[in-house]
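Remarks on the overall topology
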Amino acid sequence: MEQSIRDTLGSARVRRGADTGLAIGLALLALVDLALSSDAASWGGRGPLQVCLALGCTLPLAWRVRYPIATVVAITAAGGLLVAVAAPHQAPFEVFIGSVLASYSIGAHTSGRRRWLGVGLMFGVGLPFMVAAAGNGMATGNALAPIAWLTGAWAVGAIIRGRRLRTAELEQLTAELAQQRDLQAQAAVAVERGRIARELHDVVAHNVSMMVVQAGAADRVLEGDQPDVRRALAAIAGTGRETVDEMRLLLGVVRSDAGEGLSPQPGLGDLDQLVSNVRSAGLHVDLRVEGERSPLSPGVDLSAYRIVQEALTNVLKHAESATVEVTVRYANDAVQVEVCDDGRPREPTAGGGNGLIGMRERVAMLGGEFRAGARRDGGFAVFARLPIAGPAA
Amino acid sequence: MIDLLLADDQALVRGGFRLILNTEGDLRVVAEAEDGDQAVAEAIRTRPDVVLMDIRMPRLDGISATRAILEALPAVRVLMLTTFDLDEYVIDAFRAGASGFLLKTVPPPQLIAAVHTVYESDALLAPASTRRLIEQHSPAPVEAPELDELTAREREVLRLLARGLTNAEIARTLVVEPSTVKSHVARVLAKLGLRDRVQAVVFAYDHGVVRPGE
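This report concerns the structure included in the present document. Throughout, residues of each chain are indexed from 1 in the direction in which the sequence is written. All chains are assigned letters beginning with A, and all ligands numbers beginning with 1, in the order in which they are written. At least 70 in pLDDT is required for a residue's local features to be given in this predicted model, at least 80 for side-chain atom pairs to be given and counted, and no such filter applies to totals for whole chains, interfaces and linings, which use all residues. Note that the side-chain values use all heavy atoms of the structure and ignore hydrogens as well as water.

Okay, the overall build of chain A next. Each helix corresponds to a stretch of at least 4 residues labelled H or I by DSSP, and each strand to a stretch of at least 2 residues labelled E; elements are numbered beginning at the N terminus. Each helix and strand in chain A was counted, giving 11 helices and five strands. Taken across its 393 residues, chain A has 38% of its residues classed as buried. Relative accessibility thresholds used throughout: buried, under 20% of the residue-type maximum; exposed, over 50%; partly exposed, between the two (1.4 Å probe, protein chains only).

Each helix and strand counted, chain B has 10 helices and five strands in total. Residues classed as buried in chain B amount to 54% of the 214 residues present. All accessible-area figures derive from a Shrake-Rupley calculation using a 1.4 Å probe, and residue coverage is judged against the displayed protein chains alone. When the accessible area of chain B is evaluated, it comes to approximately 9,000 Å², of which 51% is carbon and sulfur surface.

So, about the interface of chain A and chain B. Interface extent is often summarised as the accessible area lost during association of the parts. Two residues form a contact once any of their heavy atoms are found within 4.5 Å. Across the boundary between the two partners, chain A contributes 25 residues, which contact 30 residues of chain B. Put simply, buried area is how much 1.4 Å-probe accessible surface two parts lose in total, over both of them, once they are put together. Summed over both partners, the interface of chain A with chain B comes to about 2,500 Å²; 62% of that surface belongs to carbon and sulfur atoms. Among the residues chain A hides against chain B, the three largest losses belong to H206, R220 and L262 of chain A. Together they make up 28% of the total. The salt bridge definition used is simple: a Lys or Arg side-chain nitrogen within 4 Å of an Asp or Glu carboxyl oxygen. On inspection of chain A and its partner chain B, the count reaches two salt bridges. Between E24 of chain B and R220 of chain A there is a salt bridge, and its shortest N-O distance comes to 3.2 Å. Under the rule applied, a polar contact is a pair of N or O atoms within 3.5 Å (in protein, one hydrogen donor and one hydrogen acceptor; residues adjacent in sequence only if both atoms are side-chain atoms). Along the contact surface separating chain A from chain B lie six residue pairs in polar contact (both at pLDDT 80 or more). Mapped by element, the contributors of at least two residues to the side of chain A that touches chain B are α7 (140-221) and α8 (227-253) of chain A.

With that settled, consider the side chain of R77 of chain B. Among the structural elements, R77 of chain B can be located in strand β4 (residues 77-82). Of the side chains with opposite charge, D196 of chain B lies nearest to the buried R77 of chain B, which makes no salt bridge, at 4.2 Å. For this count, His and the chain ends are skipped, Lys and Arg are scored as positive, and Asp and Glu as negative.

All names here are of chain B. Its 15 residues place the ends of helix α9 (residues 178-192) 21 Å apart at the C-alpha level, agreeing with the 21 Å of an ideal helix rising 1.5 Å per residue. Buried within α9 are the following residues: V181, H184, V185, V188, L189 and L192. Buried residues of α9, viewed axially, fall in a sector of 130°; they line one side. Turned more than 90 degrees from where α9 packs its buried face, S179 and A190 sit exposed. Its buried side turned inward, α9 meets α7 (152-162), α8 (167-174) and α10 (197-206). Each helix should span, by expectation, one fewer than its residue count multiplied by 1.5 Å. Our arc is simply the arc of the directions from the helix axis toward the C-beta atoms.

So, on to the nonpolar core. Residue and element names in this part refer to chain B. Within the largest apolar cluster, 64 residues are counted, with the highest numbers of intra-cluster contacts made by M53, M80, I134 and L158. A per-element tally of this core places α10 first, with seven residues. With sequence-adjacent residues up to four places away left out, M53 is seen in contact with A7, A39, G62, A65, T66, I69, V78, L79, M80 and L81. Buried residues of nine kinds, namely Ala, Val, Leu, Ile, Met, Phe, Trp, Tyr and Cys, make up a nonpolar core once their side-chain atoms join them within 4.5 Å.

Attention shifts here to the environment of E146 of chain B. Residue and element names in this part refer to chain B. If you trace the backbone, E146 turns up in the loop between α6 (127-136) and α7. When the C-alpha atoms of E146 and K191 are compared, they prove to be 7.5 Å apart, with 45 residues separating the residues in sequence. Here E146 is in contact with L192 and F203, once residues within four sequence places are set aside.

Once that is clear, we can look at the packing of helix α2 (residues 36-46) of chain B against helix α3 (residues 62-72) of chain B. All names here are of chain B. To obtain each axis, a line is fitted to C-alpha atoms, and for helices this fit is confined to the stretch in contact; angles are then taken between N-to-C directions over 0 to 180 degrees. Running from N to C, α2 and α3 cross one another at 20°; their axes reach a closest spacing of 9 Å. Looking at the two axes, α2 sits roughly parallel to α3. The two elements α2 and α3 meet at a crossing, and its hand is right-handed. Of the residues in α3, those touching α2 at G36, A39, V40, A43 and I44 are A65, A68, I69 and A72. Charged residues are taken to be Asp, Glu, Lys and Arg, nonpolar residues to be Ala, Val, Leu, Ile, Met, Phe, Trp, Tyr, Cys and Pro, and polar residues to be all remaining types, Gly included. Considered class by class, the residues forming the contact of α2 with α3 number eight nonpolar, one polar and no charged. Any angle that is under 35 degrees is reported as roughly parallel, and any over 145 degrees as roughly antiparallel; angles of 65 to 115 degrees are reported as roughly perpendicular and all others as oblique. Crossings are classed by handedness, with left-handed meaning an anticlockwise turn of the near helix from the far one by less than a right angle and right-handed meaning a clockwise turn.

Residues and elements named next belong to chain A. Together, R13, R15, R16, R66 and R164 make up a positively charged patch on the protein surface. Sort the elements by how many residues they give to the positive patch and helix α2 (residues 12-36) lands first, with three residues. Within the element layout of this structure, R16 appears in helix α2. Distance thresholds for patches are 9 Å for like charges and 5 Å for nonpolar side chains (Val, Leu, Ile, Met, Phe, Trp, Tyr), applied to residues having over 30% relative accessible area and no salt bridge. For this purpose, a charge sits on NZ of Lys, CZ of Arg, CG of Asp or CD of Glu.

Looking now at helix α3 (residues 48-56) of chain A. All names here are of chain A. Within α3, the full set of buried residues consists of Q50, L53, A54 and G56. What you see down the axis of α3 is that its buried residues fit within an arc of 165°, all on one side. Exposed positions of α3 whose direction lies more than 90 degrees from the buried face are P48 and C52. Buried residues along α3 sit in contact with α2 and α4 (68-86).

Okay, the sheet that holds strand β3 (residues 334-341) of chain A next. All names here are of chain A. Strands are treated as partners if at least two bridges between them are detected by DSSP. Reading across the sheet, the five strands line up as β1-β2-β3-β5-β4 and stay open at both edges, with mixed pairing between neighbours. Strand pairing shows two members of the sheet lacking a second neighbour, β1 (284-290) and β4 (369-374), which therefore form its edges. On average, adjacent strands in this sheet sit at an angle of 5° to one another, irrespective of strand direction. Bridge analysis of β4 against strand β5 (residues 380-387) gives six bridges, and the strand direction is antiparallel. Residue pairing in the sheet places F370 in a bridge with A384 of β5. This element, helix α9 (residues 271-280), spans β1 and β2 (323-330) of the sheet and lies at about 165° to β1.

Before going further, it helps to examine the pairing of β5 of chain A. All names here are of chain A. Direction of pairing for β3 relative to β5: antiparallel, over a ladder of eight bridges. Counted as the bridge partner of V337 is A384 from β5. Connecting β4 to the next strand, β5, in antiparallel fashion are five residues, including G378 with a positive phi near 95°.

Here we come to the sheet that holds strand β2 (residues 27-33) of chain B. Sheet strands line up and pair through hydrogen bonds in the backbone, either parallel or antiparallel. All names here are of chain B. Ordered in space as β2-β1-β3-β4-β5, the five strands form an open sheet in which the pairing is parallel. Among the strands making up the open sheet, the edge pair consists of β2 and β5 (100-103). Across this sheet, the average inter-strand angle for adjacent strands is 25°, counted without regard to direction. Sheet topology note: the β4/β5 ladder contains four bridges and is parallel. Paired with M80 across the strands is F101, a residue of β5. Across the sheet, α2 lies against β1 (2-7), β2 and β3 (50-54), angled at about 135° from β2, the strand it touches most.

Another aspect to go through is the packing of aromatic side chains. Residues and elements named next belong to chain A. In this scheme Phe, Tyr and Trp rings, the latter by its six-membered ring, pair at centre separations within 6.5 Å, and the angle between planes marks the pair as stacked below 30 degrees, edge-to-face above 60, and tilted otherwise. Counted by the stated rule, this structure contains two aromatic pairs over all chains. With centroids separated by 4.8 Å and ring planes inclined at 80°, the aromatic side chains of F96 and W149 adopt a geometry described as edge-to-face. One end of the pair, F96, is in helix α5 (residues 93-109); the other, W149, is in helix α7, and 53 residues separate them in sequence. Each ring, one from W116 and one from W154, has its centre 5.7 Å from the other, and the planes form 45°; the classification is tilted. Linking W116 in helix α6 (residues 112-135) with W154 in helix α7, this pair joins segments that are 38 residues apart in sequence. When its relative accessible area of 56% is taken as the criterion, W116 is described as exposed. Take W154: its relative accessible area is 17%, and that puts it in the buried class.

Note that all results are geometric; they support no functional claim without further evidence.
Now the structure itself:
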């Protein structure tokens, strides 16, 4: 919200509109003042010259941002002439406003050599008029006073310009940081997906190998020629072999360097072992299994195990001496796992990091539900519901 | 009759192999195991001739189980089975004492032939790739005083063994009878304390009897 207001106010068109309005407003004010003031002395008369000068030291403000140097030269000239003409009286206050704004604009909208050019021109044009004013009877101090406020206005402009630039830099840095964080998060997700893919490839390859063995066995045990049957069995075995070979290549691509391979991919049947390991690490764990234990596809089995494993690892790492409840619920169409602890309350991202990403990815892949977050009375809860296919034939 | 022990954590794989092997007249499956611990126990109980060992099993893995079985029953031959023939596991299997290494998806005739090969141990199983693997994964050669115990002819036989030649091929090369070769081989293995030809290949590369590329 704030950003959009700033964007709107900062947009160039609006600014130019405002400046134009300011210039016209100030010009009208000057004309009215010129026309109505009882004492024309401060204008040095009430003629066409004064009208021109009144316009000359206000209207150029419309261009104060785009052509600050031209603006300041015009306004200083017109204003200076008014000062000289009005001397020994003080010049009208519109001169003051116009020249201050013009000087400020030099500070705020120019930089480097152009800035010094602007300042130089400003004083170069204005000084002669100040001297002329002193010559016309104005006290020298009053004649030279503009130097002070013009310098001040310019300085203020320069400071504000500096601040604006620094803010812009900071905003860019912030944007870059946010982008980097996003990239890192994406990378983490990719790594997790690679790991999950590798495990599933492994499981699949083992199952396909088993199919090949069975097809080979069937062929040996089959009696008689039976060419059709044998051809079918050969096709199964052949395709299976090719599949395993290809998976072996894929495995090389997504391989990690974590030591693995000599024990099979785990499943919910291995939870007892996992829980007992966690208990010997000092955690108090309650394991509950509800519902009728049904055989799960290796993908679901493995994912469910990994979710529990990851959740328990997080408890060990972050919860500080807690009690953990692990619940596995078998239903007809899904298996649910829940890991709740009552330890130190924590946010999902604090240290959860990659673990939670992995869990989320696995559940998403299987089309299930996943929830993880702080519990109302402290601690953390992880919940996952994985659909399983209907009963096998 | 060759007695076999099948060790694999997948029941359907065991069942499939059982069907294949039992149809062969001189092969008989006498026991099965679904994890490494059970494999060791069953091997000790039934004393088979050849063990078909899945490399990847729960509780105790295939390589560790192989080591344990061979310590208890040095005469057993272990044929290692795997889904992926990843090199590093093959080497570990040989160093653990396996006599051969096979993919589970190997066609049945080749499976049966492999069982015969490691049982008769006249030849290496898949000699070219076995040799290549051992050669690729050999550490820098180390001296072996036992080599001095060998006669010149026995050292020659060892060199040819390490190149993966069968007994028949060695006989042809040295122009002697195959039976002579057989006794030479037996003496070489006994003197060097090696259990079979595969170990001879490993030994030869480890101790510089054969250099990579020969």
